[in-house]
Amino acid sequence: MKRIGLAVVSAYAFFCISLMLLMPVNKYEWMLEESSAKSDGLTFCGLPIDNDISTRFFSAAFLIPLFVFAAIQSIREREIHYSLWIAIALLAVWGWRFFIYYPFC
């Protein structure tokens with residue numbers, strides 16, 4: 001039973017990581033792929049300002065069920081469950097993606 005739980009939690013974690021890494025941080029990132037923008041030297045810092053932070057909260061919303069499951073399992077077993085370690089690692093990836101890796105211009 002533990003192997004099935006580990007497989008499900010790992011698959012969900014992979015889904016969350018891929019969601020975080022594939023979602024654009026700025027809704028104007030598509031402009032960077034256009035050939036005319038490349039020839040003009042457009043960079044991420046030259047994109048129009050996007051004050052929408054829904055990408056951060058949308059991706060964080062997928063982490064909440066994993067944290068709830070991990071907390072319940074940890075409380076039930078009275079020790080830190082492996083899913084809690086996975087949830088903490090995902091939180092670190094989320095923080096890296098949206099706060100550290102995000103370029104500050």
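Everything discussed here concerns the structure shown above.
Residues numbered from 1 in each chain as written. Predicted model: local features only at pLDDT ≥ 70, side-chain atom pairs only at ≥ 80, totals over all residues. Heavy atoms only, no water.

Participant: Looking at this model, I keep getting lost on a nonpolar patch on the surface. Mind explaining?
Facilitator: Taken together, the side chains of L21, W96, F99 and I100 make up a nonpolar region of the molecular surface, amounting to roughly 410 Å² of accessible area. Here the nonpolar patch gets three residues from one element, more than from any other, and that element is helix α5 (residues 82-100). If you trace the backbone, F99 turns up in helix α5. (Patch = residues over 30% accessible without salt bridge, like charges linked within 9 Å, V, L, I, M, F, W, Y side chains within 5 Å. Areas by Shrake-Rupley, 256 points an atom, 1.4 Å probe, with all protein chains shown as cover. Salt bridge = Lys/Arg side-chain N within 4 Å of Asp/Glu carboxyl O. Helix = DSSP H or I, 4+ residues; strand = E, 2+ residues; numbered from the N terminus.)

Participant: What am I meant to see in α5 here?
Facilitator: For an α-helix, 3.6 residues make a turn, and residues three or four places apart therefore share a direction. Between the first and last C-alpha of α5 there are 26 Å, a value that for 19 residues agrees with the 27 Å anticipated at 1.5 Å per step. The complete set of buried residues in α5 reads S83, L84, A87, L90, W94, G95, R97 and F98. Where α5 is buried, its residues touch α1 (2-22), α3 (54-61) and α4 (63-77). (Expected span 1.5 Å × (residues − 1). Buried < 20%, exposed > 50% of the residue type's maximum accessible area, 1.4 Å probe, protein only. Contact = heavy atoms within 4.5 Å.)

Participant: What's the story with the nonpolar core in this structure? I'm lost.
Facilitator: Generally speaking, nonpolar side chains in soluble globular proteins are found buried as a group. V9, A13, C16, M20, V25, A60, L63, L66, A87, L90, W94 and F98 together form the largest nonpolar core, which totals twelve residues. Those elements that place two or more of their residues in this core are α1, α4 and α5. Residues in contact with F98, not counting those within four places in the same chain, are M20, V25, T55, R56 and S59. (Core = buried A, V, L, I, M, F, W, Y, C linked by side-chain atoms within 4.5 Å.)

Participant: Looking at this structure, how should I read the packing of aromatic side chains?
Facilitator: Each aromatic ring pair is summarised here by two numbers: the centre-to-centre distance and the angle between the ring planes. The full count for this structure, using the stated rule, is three aromatic pairs. Measuring from ring centre to ring centre gives 5.4 Å for F15 and F62, while their planes differ by 75°; the resulting arrangement is edge-to-face. Placement of the pair is F15 in helix α1 and F62 in the loop between α3 and α4, with a sequence separation of 47 residues. Classification of F62 by relative accessible area gives partly exposed; the value is 23%. (Phe/Tyr/Trp six-rings, centres within 6.5 Å; stacked < 30°, edge-to-face > 60°.)

Participant: Just checking my understanding: could you explain the side chain of S59 for this structure?
Facilitator: Relative to the elements of secondary structure, S59 occurs in helix α3. Take S59: its relative accessible area is 2%, and that puts it in the buried class. For S59, the side chain forms a polar contact with the side chain of W94, separated by 3.1 Å. Beyond its immediate sequence surroundings of up to four residues, S59 is in contact with L19, M20, M23, W94 and F98. (Polar contact = N/O pair within 3.5 Å; in protein donor to acceptor, adjacent residues only side chain to side chain.)

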